[in-house]
Amino acid sequence: MQKAMVFIDFENFDIAKNNYYKKKSLDDAKKEARAKGQPEPTTALVNNPRLDFNTLPQKVVDLLPNQHILVKTFLFAPKPDQFLMSDPKQASVYNWINGLKNQKYFTVVEGTHSARPVSGYTYQTMDIKIPSSYYIEEKGTDINLATHLITKGFMNAYDTAIIMSGDTDYIPVLDVLNTLGKTTVVVGVEGQNLRQFIHHSDDQLLLNDVLFQKCLR
């Protein structure tokens, strides 16, 4: 039995999941319209299910060809600053992520999301209700995830590292783990291109609605 650890780049994974369901919802709406002989729509109501991040890592580990035991899951996510927390949607997501800290064998590692004014605005005049008045700067996720991957690899905390992100910035880290003899698996969402990881990881998996429906909250 090999030890597996799952490392989730939450923002990267969540964006890929959202894009997948946007496309799926539109494709399904077009298919339905064609079956009824109606014009194909250009937009559709997105059915984007909320996932149980306690179940999801185990389901991913179950996809591996050899027997593995899930030792622990690490989720890397940015914490919104005070300005961004005034957005109910961002506050809701962060509060949910904060609640994940109560799960067993699960660690949340926080980076930061900071709002910065765009040209023509200042910190005093940017408005949370006017998204065009600011941009969001993300820090910490990449370096935090890379640090945990490498240090735990050197400490033999796992045999197999599962990286749930399509971010190619992690390729140098994967190469280091390969020199240590660790097995690495990159996991993305259907629609992402993981070809660049082929020569830097042992396997690449793409998730879709079939698996997600088994991991609903």
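Figured I'd write up the structure that's included with this text. The structure presented is a predicted model; accordingly, all values stated were derived computationally and were not measured.

### Concerning unusual backbone geometry
Of note, the phi angle at Tyr 105 is positive, near 55 degrees, even though the residue is not glycine. You can see Tyr 105 is positioned in the loop between helix 3 (88–99) and strand 3 (106–117).

### Focus on the pattern of salt bridges
By the definition in use, this model includes 7 salt bridges. The partner of Asp 28 in a salt bridge is Lys 24, and the shortest N-O contact between them spans 3.0 Å. A residue pair is termed a helical-turn pair when its members lie 3 or 4 positions apart in one helix, as Asp 28 and Lys 24 do in helix 1 (residues 10–35) at 4 residues. In this structure, Arg 116 and Glu 137 form a salt bridge, with 3.4 Å as the shortest nitrogen-oxygen distance. A residue pair is termed long-range when its members are at least 10 positions apart, and Arg 116 in strand 3 and Glu 137 in strand 4 (residues 134–139) qualify at 21 residues. For Arg 116, a relative accessible area of 23% gives the class partly exposed. Sharing partners across several salt bridges, the network here consists of Arg 116, Glu 137 and Lys 139.

### Considering the environment of His 68
By the element assignment, His 68 lies in strand 2 (residues 68–80). Accessibility expressed as a relative area gives 14% for His 68, which makes it buried. Between the C-alpha atom of His 68 and that of Ile 15, which follows or precedes it by 53 residues, the distance is 28 Å. Those residues in contact with His 68, other than ones at most four positions away along the chain, are Met 1, Gln 2, Lys 3, Ala 4, Val 61 and Thr 160. One polar contact links His 68 to Gln 2, side chain to side chain, over a distance of 3.2 Å.

### Describing the sheet that holds strand 4
The 7 strands are arranged 4-3-2-1-5-6-7 in an open sheet whose pairing can be described as mixed. Here the strands that pair on one side only, and so sit at the sheet edges, are strand 4 and strand 7 (203–207). Sheet twist, expressed as the mean angle between neighbouring strand axes with direction ignored, is 20 degrees. Pairing between strand 3 and strand 4: 6 bridges, direction antiparallel. Residue Ala 115 lies in a different strand from strand 4, and its bridge partner there is Ile 136. Strand contacts of helix 3: strand 2, strand 3 and strand 4, with the helix running at about 145 degrees to strand 2, the strand carrying the most contacts. Of the strands in this sheet, strand 1 (2–9), strand 2, strand 3, strand 4 and strand 5 (160–164) touch helix 4 (residues 141–154), which is tilted by about 170 degrees from strand 1.

### Some details on helix 3
An ideal rise of 1.5 Å per residue puts 16 Å on 12 residues; helix 3 measures up with 16 Å between its terminal C-alpha atoms. Of the positions making up helix 3, those classed as buried are Gln 90, Ala 91, Tyr 94, Trp 96 and Ile 97.

### Examining the side chain of His 113
Relative to the assigned elements, His 113 resides in strand 3. Here Glu 11 takes part through its side chain, which lies 3.0 Å from a polar atom of the side chain of His 113. Once residues within four sequence positions are removed from consideration, His 113 is found in contact with Glu 11, Pro 78, Lys 79, Pro 80, Asp 81, Leu 84, Gln 90, Ile 136, Glu 137 and Glu 138.

Reading guide: rules and limits
Residues numbered from 1 in each chain as written. Predicted model: local features only at pLDDT ≥ 70, side-chain atom pairs only at ≥ 80, totals over all residues. Heavy atoms only, no water. Helix = DSSP H or I, 4+ residues; strand = E, 2+ residues; numbered from the N terminus. Salt bridge = Lys/Arg side-chain N within 4 Å of Asp/Glu carboxyl O. Buried < 20%, exposed > 50% of the residue type's maximum accessible area, 1.4 Å probe, protein only. Contact = heavy atoms within 4.5 Å. Polar contact = N/O pair within 3.5 Å; in protein donor to acceptor, adjacent residues only side chain to side chain. Pairing = 2+ DSSP bridges. Axes fitted to C-alpha atoms, helices over the stretch in contact; angles between N-to-C directions. Expected span 1.5 Å × (residues − 1).

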